Amino acid sequence: MTQQTTNPPQALGPRAVWALIITGVAGFMAALDNLVVTTALPSIREDLGGALEDLEWTVNAYTLTFAVLLMFGATLGDRFGRRKLFLIGLTIFTGASAAAALAPGIDALIAARAVQGVGAAIMMPLTLTLLTAAVPAERRGAALGIFGALTGLAVASGPLIGGTLTEHLSWQWIFWLNVPIGLVLLPLARLRLQESTAPHARLDVPGTLLISGGLFGLVYALVNANADGWTSPTVLIGLFAGFALLVAFVLHGIRRPDAMLPMRLFKDRAFSGINAASLLMFLGMFGSIFLLSQFLQSVAGYSPTEAGLRMLPWTGMPLLVAPLAGILSDRVGGRPVVVAGLALQAVGLGWFATVIAPDVSYGAQLPALILSGIGMGLYFAPAASLVMSSVRPAEQGIASGANNALREVGGALGIAILGAVFAAQGGYESPQSFADGTVPALWMGAGVVALGALCAFLIPSRHAQRATGPQATKDEREPATV
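### Considering the overall build of the chain
Next up, step 1: Secondary structure assignment for the chain yields 19 helices and zero strands.
Next up, step 2: Restricting the contact set of the chain to residue pairs at least 6 apart, pairs at least 24 apart contribute 83%.
Next up, step 3: A total of about 19,700 Å² of accessible surface is found on the chain, and carbon and sulfur atoms cover 66% of it.

### Comments concerning the nonpolar core
Next up, step 1: Membership of the largest hydrophobic core comes to 103 residues, with the highest contact counts inside it found for Leu109, Phe175, Met285, Phe290, Trp314, Leu342 and Phe352.
Next up, step 2: Broken down by element, the residue count for this core peaks at 16 residues, all from helix H11 (residues 269–298).
Next up, step 3: When sequence neighbours within four positions are dropped, the list of residues in contact with Leu109 reads Ile44, Leu48, Thr58, Ala100, Ala103, Trp171 and Phe175.
Next up, step 4: Among the nonpolar cores identified, the runner-up in size contains 34 residues, and Met29, Ala30, Leu185 and Leu203 belong to it.

### Quick notes on the packing of aromatic side chains
Next up, step 1: On inspection of all chains with the given rule, the structure shows nine aromatic pairs.
Next up, step 2: With a centroid separation of 6.3 Å and an interplanar angle of 45°, the aromatic rings of Phe295 and Phe434 are classed as tilted. With a gap of 139 residues between them, Phe295 in helix H11 and Phe434 in helix H17 (residues 431–456) connect regions that are remote in the sequence. Judged on exposure class, the residue Phe295 and its partner Phe434 are both buried.

### Some points on the packing of H11 against helix H14 (residues 334–355)
Next up, step 1: Where H11 meets H14, the axes come as close as 11 Å, and the angle between the chain directions of the two elements is 25°. Considering the angle they form, H11 stands roughly parallel to H14. Crossing angle aside, the handedness with which H11 passes H14 is left-handed. Across the interface between the two elements, Ile274, Ala277, Met281, Gly284, Met285, Ser288 and Leu292 from H11 touch Val338, Leu342, Gln345, Leu349 and Phe352 from H14.
Next up, step 2: Split by residue class, the contact of H11 with H14 holds nine nonpolar, three polar and no charged.

### Some thoughts on empty space enclosed by the protein
Next up, step 1: Within the structure shown, the criterion is met by one cavity of 30 Å³ or more.
Next up, step 2: In this structure, the largest cavity spans a volume of roughly 30 Å³.
Next up, step 3: Residue lining of the largest cavity: Leu292, Leu296, Arg310, Met311, Phe352, Tyr362, Gln365 and Leu369, and that is the complete set.
Next up, step 4: For the lining of the largest cavity, the elements supplying multiple residues, two or more each, are H11, helix H12 (304–315) and helix H15 (362–389).
Next up, step 5: With three residues, H15 is the single largest residue contributor to the lining of the largest cavity.

### As for the confidence of the model for the chain
Next up, step 1: Here the chain averages 81 in pLDDT, while 89% of its residues score no lower than 70.
Next up, step 2: Of all the helices and strands in the chain, helix H19 (residues 474–477) carries the lowest mean pLDDT, 38, while helix H4 (residues 82–101) carries the highest, 93.
Next up, step 3: Ignoring residues within four places in sequence, the model shows residues 1–8, a span with pLDDT below 50, making zero contacts including any to other chains.
Next up, step 4: Note that residues 463–482 has pLDDT below 50 and, in this model, 23 contacts with residues that lie over four places away or in other chains.

### Notes on H4
Next up, step 1: For H4, with 20 residues, the first-to-last C-alpha span of 28 Å sits near the 28 Å given by 1.5 Å per residue.
Next up, step 2: Counting buried positions along H4 gives 14 out of 20 residues, so the element sits mostly inside the fold.

### A short note on the environment of Trp57
Next up, step 1: Tracing the chain through its elements places Trp57 in helix H3 (residues 52–80).
Next up, step 2: By relative accessible area, Trp57 is classed as buried at 12%.
Next up, step 3: In this structure the C-alpha to C-alpha distance between Trp57 and Leu109, which are 52 residues apart in sequence, comes to 9.4 Å.
Next up, step 4: Leaving out residues up to four positions away in the same chain, Trp57 has contacts with Leu64, Ile110, Phe216, Val219, Tyr220, Val223 and Asn224.

### Points about the packing of H4 against helix H5 (residues 106–134)
Next up, step 1: It is the contact of H4 with H5, at a shortest axis distance of 7 Å, that shows an interaxial angle of 150°. As the angle between them shows, H4 and H5 are arranged roughly antiparallel. Judged by the twist between their axes, the crossing of H4 over H5 is left-handed. Here Arg82, Arg83, Leu85, Phe86, Gly89, Leu90, Ile92, Phe93, Ala96, Ser97, Ala99 and Ala100 of H4 come into contact with H5, specifically with Leu109, Ala112, Val115, Gln116, Gly119, Ala120, Ile122, Met123, Leu126, Thr127, Thr129 and Leu130.

### Comments concerning a nonpolar patch on the surface
Next up, step 1: Residues Phe243, Val247, Val250, Leu251 and Ile254 make up a contiguous nonpolar surface patch of roughly 430 Å² in combined accessible area.
Next up, step 2: For Ile254, the position within the fold is in helix H10 (residues 233–255).

### A closer look at the layout of surface pockets
Once rolled over the atoms, a probe with the size of a water molecule shows which space is left empty.
Next up, step 1: When its volume is computed, the second largest pocket comes out at roughly 340 Å³.
Next up, step 2: What lines the second largest pocket is a set of 18 residues, among which Ile211, Phe249, Leu261, Leu406 and Val409 lie closest to the centre.
Next up, step 3: Counting only elements with at least two residues in the lining of the second largest pocket, the list comes to H3, helix H9 (205–228), H10 and helix H16 (396–425).
Next up, step 4: When the residues that make up the lining of the second largest pocket are grouped by side-chain class, the tally is 18 nonpolar, no polar and no charged.

### Description of the side chain of Ser272
Next up, step 1: Note that Ser272 resides in helix H11.
Next up, step 2: Looking at Ser272, its side chain comes within polar contact range of the main-chain oxygen of Phe266, at 2.4 Å.
Next up, step 3: Among residues more than four places away in sequence, those in contact with Ser272 are Phe266 and Lys267.

### As for helix H13 (residues 317–332)
Next up, step 1: An ideal rise of 1.5 Å per residue puts 22 Å on 16 residues; H13 measures up with 22 Å between its terminal C-alpha atoms.
Next up, step 2: Within H13 the residues assigned to the buried category are Met317, Pro318, Val321, Ala325, Gly326 and Ser329.
Next up, step 3: Trailing H13 by a residue or two, Gly333 shows a phi angle of about 100°, which is positive.

### Here's the deal with the environment of Trp351
Next up, step 1: Mapping Trp351 onto the fold places it in helix H14.
Next up, step 2: The spacing of Trp351 and Ser372 is 21 residues in sequence and 9.5 Å in space, taken between C-alpha atoms.
Next up, step 3: Beyond its immediate chain neighbours, meaning those up to four positions away, Trp351 contacts Ala364, Pro367, Ala368 and Leu371.

### Topic: the side chain of Arg83
Next up, step 1: Note that Arg83 resides in helix H4.
Next up, step 2: It turns out Arg83 is buried and unbridged, and the closest side chain with the opposite charge, Glu195, is 4.3 Å from it.
Next up, step 3: Excluding residues that lie within four positions of it along the chain, Arg83 makes contacts with Leu130, Ala189, Arg190, Leu193, Gln194 and Glu195.

Criteria and thresholds
Residues numbered from 1 in each chain as written. Predicted model: local features only at pLDDT ≥ 70, side-chain atom pairs only at ≥ 80, totals over all residues. Heavy atoms only, no water. Helix = DSSP H or I, 4+ residues; strand = E, 2+ residues; numbered from the N terminus. Contact = heavy atoms within 4.5 Å. Areas by Shrake-Rupley, 256 points an atom, 1.4 Å probe, with all protein chains shown as cover. Core = buried A, V, L, I, M, F, W, Y, C linked by side-chain atoms within 4.5 Å. Buried < 20%, exposed > 50% of the residue type's maximum accessible area, 1.4 Å probe, protein only. Phe/Tyr/Trp six-rings, centres within 6.5 Å; stacked < 30°, edge-to-face > 60°. Axes fitted to C-alpha atoms, helices over the stretch in contact; angles between N-to-C directions. Parallel < 35°, antiparallel > 145°, perpendicular 65-115°, else oblique. Left-handed = near helix turned anticlockwise from the far one by under 90°. Nonpolar A, V, L, I, M, F, W, Y, C, P; charged D, E, K, R; others polar. 1 Å grid on protein atoms, 1.4 Å probe; cavity = no way out; pocket = protein on both sides within 12 Å on 5 of 7 lines; lining within 4 Å. Points joined across faces, edges and corners; volume = space filled by probe spheres on them. pLDDT = per-residue confidence, 0-100. Expected span 1.5 Å × (residues − 1). Patch = residues over 30% accessible without salt bridge, like charges linked within 9 Å, V, L, I, M, F, W, Y side chains within 5 Å. Salt bridge = Lys/Arg side-chain N within 4 Å of Asp/Glu carboxyl O. Polar contact = N/O pair within 3.5 Å; in protein donor to acceptor, adjacent residues only side chain to side chain. Lys, Arg positive; Asp, Glu negative; His and termini not counted.

This is the structure we're talking about:
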């Protein structure tokens, strides 16, 4: 009888280490800029002026362009060279960060943030592709785990980093921070990353234009509705044109097998359920963080750094909870963990809505922050696994890109919708007015996340998934003509 031995996993070589450093830092920057600006909004408003809708666009200009161009950026890299497009995306992101720091007015800042999102949309999806290609298969899980931890840390520390830089330097430094990092990464990426292509990848230009125009129309209408009036021509055109373009995007995805988001994927209950839950989760979460980070400064009187620190029980809790949630989901399945996480997030936002007042103490807010943070951590851990297990291996790249894009879309819609509720019921005139607008907006956020928990029930149980697995449709079995 021959005794078999297994070789221990090889250590990461220099090429893999450099790839992990370069892509990890680039991913950290792109993820950081989602929330880093939230605690700087009161300072930006004081320095550059602008109404509520301008502050919303300061966040949404980045989130929206990032979302709608994410999958298009990945395809560009596949077709024309992943390292080449990564360098282009990083250059755009770095240059736009400098433009944001130098912005003389709120309109220039919004424009620079939109260009930042374009750079991030090209750069971010290629980080994982470049990293995966550089790391040996037996060490890939560890490398991707480190990468995921870095992007999670960026989301958790965004409000704190933004608040600290704003208070001790100026709000411009939340953008200047990216510039030296980008300038260091550019030559390193050119020298240390290897080029690769998938030359037959097809660009879905019509789909990109339809989803970009549709989402811009809807978000524009929601953001400007209270200022311009819900019956104003620009708002009505935005609503109707945006809705029509989104319907056209869905029809495009049904008719074209190689569309950027093939609608056949949504025939699977698991894929539909987790993506609907993800969109609604980010809608409620981003919109609430947008308002609460301002409430802590404008009403509660905390400095930007103090506000960032006080947000940590919410934004930082996933770093503690997610590993435990991953173990739990391995034992009981992902669906109950995701449902529990969304339910706790909804309860946390509802708790906020019941206690928010001009004179509320931090102690009264702390349980809501902790519950929301635990809920976020329980959601994040199994969500990616549920997305990947809902499709066949050949379509996991499309599925992951779609889920990430829908999350960003949810964030942009959340700021627009909850901002519209806030503006209809309150404003910046006084602490009481700000609280009056925040309370119904938080109830809206809680309701949306609770609806996300109900959508998560659409996900089949682990037993059902094992019995059936992702079903191949005719389009999946027959490869598209290239």
